[in-house]
Amino acid sequence: MKELEDKILAEGIALSESVLKVDSFLNHQLDPELMQAIGREFARRFQEEDITKILTIESSGIAPAVMTGLYLGVPVVFARKRKSLTLNGSLFTAEVASFTKNERNEIAVSKDFLKPSDTVLLIDDFLAEGQALLGLLHLAEQSGAAVAGAGIVIEKGFQDGGKRVRKLGLRVESLAVVSSLAGGTVQFRKGEFVQ
Ligand code: 5GP
């Protein structure tokens, strides 16, 4: 998605060879117009799938997920991150290792909001090693819902997550695929740009 790639080139900062900082429009401050365009694009790509619910993870997945929900006309559920394991019969839970924060979180969703009759679209801001997406997939599977696929705003194609989740048969649609952050330069899978 050109608009997104342009924004990454203009405002993204390669913190290292593997971490891209996009705090000015996705992870801290939000660009509502860009979020809207992202939601429209995910909705367009999954419009044939009869999605009934969007599932994301707090906090940075929420903005693109809400915009997608708006275009598809369906509710958006966000999995909550919790620091400790607490047994609670009314929750679906999964464990997720954080790529950026070097910690493990339990994520949870109330059983009230995911049902076997649902067809779920998973949304997240980044795909790196795939842990967050696998956690969301695991939550959806526990509920018995069907999973139509995943919409990712920025996939880092040089990490293994994309391969890992696609190998499971999951349809993953990424709006920008970063192929390298080497030397502080952002390169996309299609074409090459210098920051
Ligand atoms: P994964 O679980 O796929 O390893 O990592 C995905 C999660 O880690 C995303 O939800 C995102 O919050 C965070 N993340 C991974 N890589 C990056 C990155 O390069 N930049 C930012 N801002 N977040 C990232």
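Since the structure is predicted, the reported quantities are computational estimates derived from the model, not experimental observations. (Residues numbered from 1 in each chain as written. Predicted model: local features only at pLDDT ≥ 70, side-chain atom pairs only at ≥ 80, totals over all residues. Heavy atoms only, no water.)

### Some details on the overall build of the protein chain
Part 1 of the argument: Assigned secondary structure in the protein chain consists of six helices and ten strands.
Part 2 of the argument: Here the C-alpha atoms of the protein chain give a radius of gyration of 16 Å, agreeing with the 16 Å that 2.2 N^0.38 yields for 195 residues.
Part 3 of the argument: C-alpha atoms of the protein chain, sized along the principal axes, occupy 50 × 35 × 30 Å.
Part 4 of the argument: Relative to its 195 residues, the protein chain shows a buried fraction of 49%.
Part 5 of the argument: Across the protein chain, the fraction of contacts at a sequence separation of at least 24, relative to all contacts at a separation of at least 6, is 62%.
Part 6 of the argument: The positive charge centre, built from 23 side chains, and the negative charge centre, built from 26, are 3 Å apart in the protein chain. (Helix = DSSP H or I, 4+ residues; strand = E, 2+ residues; numbered from the N terminus. Rg over C-alpha atoms; globule rule 2.2 N^0.38 Å. Buried < 20%, exposed > 50% of the residue type's maximum accessible area, 1.4 Å probe, protein only. Contact = heavy atoms within 4.5 Å. Lys, Arg positive; Asp, Glu negative; His and termini not counted. Charge placed at Lys NZ, Arg CZ, Asp CG, Glu CD.)

### Considering the pattern of salt bridges
Part 1 of the argument: Applying the stated rule across the entire model yields twelve salt bridges.
Part 2 of the argument: Among the salt bridges present, the one from Arg164 reaches Glu129, with a minimum N-O distance of 3.8 Å. Of this pair, Arg164 sits in helix H6 (residues 161–167) while Glu129 is found in the loop between strand S7 (119–127) and helix H5 (131–143), placing the two residues 35 residues apart along the sequence.
Part 3 of the argument: Residue Arg166 is joined to Glu155 by a salt bridge in which the shortest nitrogen-to-oxygen separation is 2.9 Å. (Salt bridge = Lys/Arg side-chain N within 4 Å of Asp/Glu carboxyl O.)

### Comments concerning helix H4 (residues 62–72)
Part 1 of the argument: Within H4, the full set of buried residues consists of Ala63, Pro64, Ala65, Met67, Thr68 and Gly69.
Part 2 of the argument: Residues of H4 that are buried sit in contact with helix H2 (23–27), helix H3 (32–45), strand S3 (53–57), strand S4 (76–82), S7 and strand S8 (146–156).
Part 3 of the argument: Backbone geometry just downstream of H4 places Gly73 in the positive-phi region, at approximately 70 degrees.

### Describing the nonpolar core
Part 1 of the argument: Counting 31 residues, the largest nonpolar core has Leu4, Ile8, Leu20, Leu26, Ile38, Ile154 and Val186 as its most contacted members.
Part 2 of the argument: Among the elements that take part in this core, H3 stands out by supplying four residues, more than any other.
Part 3 of the argument: Counting residues in hydrophobic clusters, the runner-up holds 24 residues, among them Leu55, Val77, Leu122 and Leu127. (Core = buried A, V, L, I, M, F, W, Y, C linked by side-chain atoms within 4.5 Å.)

### Here we look at the layout of surface pockets
Part 1 of the argument: By volume, the largest pocket amounts to about 820 Å³.
Part 2 of the argument: Together, 35 residues line the largest pocket, and Lys81, Ser98, Thr100, Lys101 and Asp125 are the ones closest to its centre.
Part 3 of the argument: Top contributing element to the lining of the largest pocket by residue count: S7, with four residues.
Part 4 of the argument: Within the lining of the largest pocket, the residues separate by chemical class into 13 nonpolar, ten polar and twelve charged. (1 Å grid on protein atoms, 1.4 Å probe; cavity = no way out; pocket = protein on both sides within 12 Å on 5 of 7 lines; lining within 4 Å. Points joined across faces, edges and corners; volume = space filled by probe spheres on them. Nonpolar A, V, L, I, M, F, W, Y, C, P; charged D, E, K, R; others polar.)

### Some words on the site of the ligand
Part 1 of the argument: In the vicinity of the ligand, 16 residues are found, and the nearest of them are Leu20, Glu129, Gly130, Ala132 and Lys156.
Part 2 of the argument: Contact between the ligand and Ala132: an oxygen atom at 2.8 Å from a main-chain N or O atom of the residue.
Part 3 of the argument: Contact with the protein chains covers 88% of the free accessible surface of the ligand, which is 500 Å².
Part 4 of the argument: Among the cavities detected, the one that contains the ligand is the largest pocket.
Part 5 of the argument: Of all the secondary structure elements, the ones that give two or more residues to the shell around the ligand are S7 and H5.
Part 6 of the argument: Ranked by the residues each element gives to the shell around the ligand, the list is headed by S7, at four residues. (Near = heavy atom within 4 Å. Polar contact = N/O pair within 3.5 Å; in protein donor to acceptor, adjacent residues only side chain to side chain. Areas by Shrake-Rupley, 256 points an atom, 1.4 Å probe, with all protein chains shown as cover. Sits in = over half its atoms within 2 Å of the grid points.)

### Quick look at the environment of Glu3
Part 1 of the argument: Relative to the helices and strands, Glu3 resides in helix H1 (residues 2–11).
Part 2 of the argument: Remark: the alpha-carbon pair of Glu3 and Leu175, spanning 172 residues in sequence, is separated by 9.7 Å.
Part 3 of the argument: In this structure Glu3 touches Leu34 and Ala37, once residues within four positions along its chain are discounted.

### Digging into the packing of H3 against H4
Part 1 of the argument: Following both chains from N to C, one finds H3 and H4 inclined at 55 degrees, their axes separated by 7 Å at the closest point. Taken together, the axes of H3 and H4 lie oblique to each other. Taken as a pair, H3 and H4 cross one another with a handedness that is right-handed. Each of Pro32, Met35, Gln36, Ile38, Gly39, Arg40, Phe42 and Ala43 in H3 lies in contact with H4, whose residues at this interface are Ala63, Pro64, Met67, Thr68, Tyr71 and Leu72.
Part 2 of the argument: Across the contact of H3 with H4, the residue classes break down as ten nonpolar, three polar and one charged. (Axes fitted to C-alpha atoms, helices over the stretch in contact; angles between N-to-C directions. Parallel < 35°, antiparallel > 145°, perpendicular 65-115°, else oblique. Left-handed = near helix turned anticlockwise from the far one by under 90°.)

As far as function goes, none of this settles anything; it's purely spatial.
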